[in-house]
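Observations on the three-dimensional arrangement
Spelled out from the first residue to the last, the chains are:
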Amino acid sequence: MIPSAFDYVAPATLDEAVALLGAHGGEAKVLSGGQSLIPMLKLRLASPPVLVDINRIPGLDYVEERDGALRIGALAREADLERSAAVRARYPILLDTARVIADPLVRNSATVCGNVAHGDPGNDHPATMIALDASFVARGPRGTRTIPAREFFLGLFATALAPDEIVTEVVVPAPPPRSGGAYLKLERKVGDYATAAVAAQVTLDEHGGCVRAGIALTNVGPTPIHARSAEQFLLHKPLDAGTVAQAAHLAAAAAEPVEDRRGSAEYKRDVVRVLAARALRIAARRAQGLDTNGSSNGRG
Ligand SMILES: Cc1cc2nc3c(=O)[nH]c(=O)nc-3n(C[C@H](O)[C@H](O)[C@H](O)COP(=O)(O)OP(=O)(O)OC[C@H]3O[C@@H](n4cnc5c(N)ncnc54)[C@H](O)[C@@H]3O)c2cc1C
């Protein structure tokens, strides 16, 4: 289908972009990778009067470690994550996630910030960012604020972002020593959104006890789901088979799946249980310096 008519502006600075969003009273839309927005326009699921294209704003395409965190700028593409030496070395869960998003063509355009800003429960980065306890820097007419990922996703395509704000950066705190994570996704075919997926990030003490855990679920509810009970259960325990199995049950219990063409609610809940156990096992191995190649999903 053909989108309804819209105006197109391509500001050269963030200030200009924010001013344009404000001037249109929340009706304008940011255009970054366009991999979700353009299909929505064509299907007329969105008909904004104005698109504010941020692609010509210089200096936003970075993936870099600075001040104790990995920082991902608004114009960093999924493919940039895959190429980043820092991500490959220290954030295998992010590499797992980027590698299972769509296909290489989409990943060359789609941005990480757009992936979270979109608020689609089928998108893969939101759960990973919750597991990593990341936060999102938002710039608007009232200035800049930082929103924790764990407070960002409010409902189906609804986030804490105001219509006149731009996500300028994702901030992922550097994991402490003995940390590891994994993202596992079941998809019907390569390029599909998840039937269900699980992000797990753990930190172990020198005896193998779990001192920190982050677990979140993709596409089994109206928002990404933060599996808090499963995280709590892991604390101060070694990640042995029994503990992992019980945490996986708790993660499955936190899911809110509904039946659709990807399967029944019961099936999806069990997929969460299986993937959570596998993701926790891989995360624990990575925390011990084993299994660091970042290809848990068999892709890439
Ligand atoms: C065939 C196909 C398969 C896909 N499969 C997957 C998949 O398996 N997993 C997955 O996670 N995603 C998938 N996607 C979605 C893709 O990753 C999207 O690109 C991504 O969700 C949005 O990023 P974008 O940069 O393209 O944003 P856009 O499409 O440009 O924008 C999406 C929305 O976010 C807003 N927005 C974008 N950037 C910002 C910003 N910096 N600040 C504020 N608001 C912003 C826009 O206004 C718009 O409402 C798929 C897309 C396609 C076309």
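Cut-offs applied
- Residues numbered from 1 in each chain as written.
- Predicted model: local features only at pLDDT ≥ 70, side-chain atom pairs only at ≥ 80, totals over all residues.
- Heavy atoms only, no water.
- Near = heavy atom within 4 Å.
- Polar contact = N/O pair within 3.5 Å; in protein donor to acceptor, adjacent residues only side chain to side chain.
- Areas by Shrake-Rupley, 256 points an atom, 1.4 Å probe, with all protein chains shown as cover.
- 1 Å grid on protein atoms, 1.4 Å probe; cavity = no way out; pocket = protein on both sides within 12 Å on 5 of 7 lines; lining within 4 Å.
- Sits in = over half its atoms within 2 Å of the grid points.
- Pairing = 2+ DSSP bridges.
- Helix = DSSP H or I, 4+ residues; strand = E, 2+ residues; numbered from the N terminus.
- Contact = heavy atoms within 4.5 Å.
- Axes fitted to C-alpha atoms, helices over the stretch in contact; angles between N-to-C directions.
- Core = buried A, V, L, I, M, F, W, Y, C linked by side-chain atoms within 4.5 Å.
- Buried < 20%, exposed > 50% of the residue type's maximum accessible area, 1.4 Å probe, protein only.
- Parallel < 35°, antiparallel > 145°, perpendicular 65-115°, else oblique.
- Left-handed = near helix turned anticlockwise from the far one by under 90°.
- Nonpolar A, V, L, I, M, F, W, Y, C, P; charged D, E, K, R; others polar.
- Lys, Arg positive; Asp, Glu negative; His and termini not counted.
- Salt bridge = Lys/Arg side-chain N within 4 Å of Asp/Glu carboxyl O.
- Expected span 1.5 Å × (residues − 1).
- Points joined across faces, edges and corners; volume = space filled by probe spheres on them.

Some thoughts on the site of the ligand
Lining the immediate environment of the ligand, one finds 29 residues, of which Val30, Gly34, Leu37, Thr111 and Asp124 sit closest. For the ligand, a nitrogen atom lies 2.8 Å from a polar atom in the side chain of Ser32. Here a nitrogen atom of the ligand sits 3.1 Å away from a polar atom, N or O, in the side chain of Tyr193. Protein chains shield 90% of the accessible area of the ligand, which is 960 Å² for the free molecule. Because more than half of its atoms lie within 2 Å of the grid, the ligand is assigned to the largest pocket.

A few points about the sheet that holds strand β11 (residues 179-186)
Ordered by their spatial adjacency, 4 strands build an open sheet running β11-β12-β13-β14, and the pairing between neighbours is antiparallel. Lying at the two open borders of the sheet, with one neighbouring strand each, are β11 and β14 (225-226). As paired strands, β11 and strand β12 (residues 196-204) are joined by 8 bridges and run antiparallel to one another. Paired with Leu186 across the two strands is Ala196, which belongs to β12. On the sheet, helix α11 (residues 265-287) packs against β11, β12 and β13 (210-218) and is oriented at approximately 150 degrees with respect to β11.

Looking at the side chain of Ser32
Of note, Ser32 is situated in the loop between β2 (29-31) and α2 (37-42). Within the structure, Ser32 has its side chain in polar contact with the side chain of Thr111 (distance 3.3 Å). When residues no more than four places from it in sequence are discounted, the contact partners of Ser32 are Ile54, Asn55, Leu75, Arg77, Thr111 and Gly114.

A short note on the nonpolar core
Leu70, Ile72, Leu94, Met129, Phe136, Val170 and Val172 are the most contacted members of the largest nonpolar core, which totals 49 residues. Dropping the residues within four chain positions of it, Ile72 is found in contact with Tyr62, Val63, Leu81, Leu94, Val112, Cys113, Met129, Thr168, Glu169 and Val170. Leu204, Leu217, Ala230 and Ala255 belong to the second largest nonpolar core, which has 34 residues in total.

A word on unusual backbone geometry
Of note in this structure, Arg178 is not a glycine but carries a positive phi near 60 degrees. Assignment of secondary structure puts Arg178 in the loop between β10 (166-173) and β11. When its relative accessible area of 42% is taken as the criterion, Arg178 is described as partly exposed. Notably, His236 is not glycine yet its phi reads approximately 65 degrees, a positive angle. Summarising the element assignment, His236 is placed in the loop between α9 (228-234) and α10 (241-254). According to the relative accessible area criterion, His236 is exposed, its value standing at 67%.

Regarding the sheet that holds strand β1 (residues 7-9)
Pairing within the open sheet is parallel, and its 3 strands lie in the order β1-β3-β2. Two strands lie at the open edges of the sheet, namely β1 and β2, each paired on one side alone. Direction aside, the axes of adjacent strands within the sheet are offset by 30 degrees on average. The pairing of β1 with strand β3 (residues 50-53) spans 3 bridges and is classified as parallel. Looking across to β3, one finds that Val9 is bridged to Val52.

Observations concerning the packing of α10 against α11
Close contact between α10 and α11 brings their axes to 8 Å; oriented N to C, the two are set at 140 degrees. When the axes of α10 and α11 are compared, the pair comes out oblique. In this structure, the crossing between α10 and α11 has a hand that is right-handed. Residues Val244, Ala247, Ala248, His249, Ala251, Ala252 and Ala253 of α10 form the contact with α11, whose own contacting residues are Arg269, Val272, Arg273, Ala276, Ala277, Leu280 and Arg281. In terms of residue class, the contact of α10 with α11 is made up of 10 nonpolar, 1 polar and 3 charged.

Some thoughts on the side chain of Glu231
Along the polypeptide, Glu231 turns up in helix α9. Of the side chains bearing the opposite charge, Arg150 lies closest to the buried Glu231, which forms no salt bridge; the N-O distance is 4.2 Å. Of note is the side chain of Glu231, whose polar atom sits 2.8 Å from the backbone nitrogen of Ile215. Excluding residues that lie within four positions of it along the chain, Glu231 makes contacts with Arg150, Ala213, Gly214, Ile215 and His226.

A few points about α11
For an α-helix the count is 3.6 residues per turn, leaving residues at separations of three or four pointing the same way. The end-to-end C-alpha separation of α11 is 32 Å, in line with the 33 Å expected for 23 residues at 1.5 Å each. Two residues or fewer past α11, Gly289 is found with a positive phi of approximately 85 degrees.

Things to note about the layout of surface pockets
Counted as a void, the largest pocket has a volume near 1200 Å³. Lining the largest pocket are 46 residues, and of these Ser36, Leu37, Gly114, Ala117 and His118 sit closest to its centre. The set of elements that each furnish at least two residues to the lining of the largest pocket consists of β2, α2, α7 (112-117), β9 (158-159) and β10. A total of 4 residues in the lining of the largest pocket trace back to one element, the largest contributor, which is α7.

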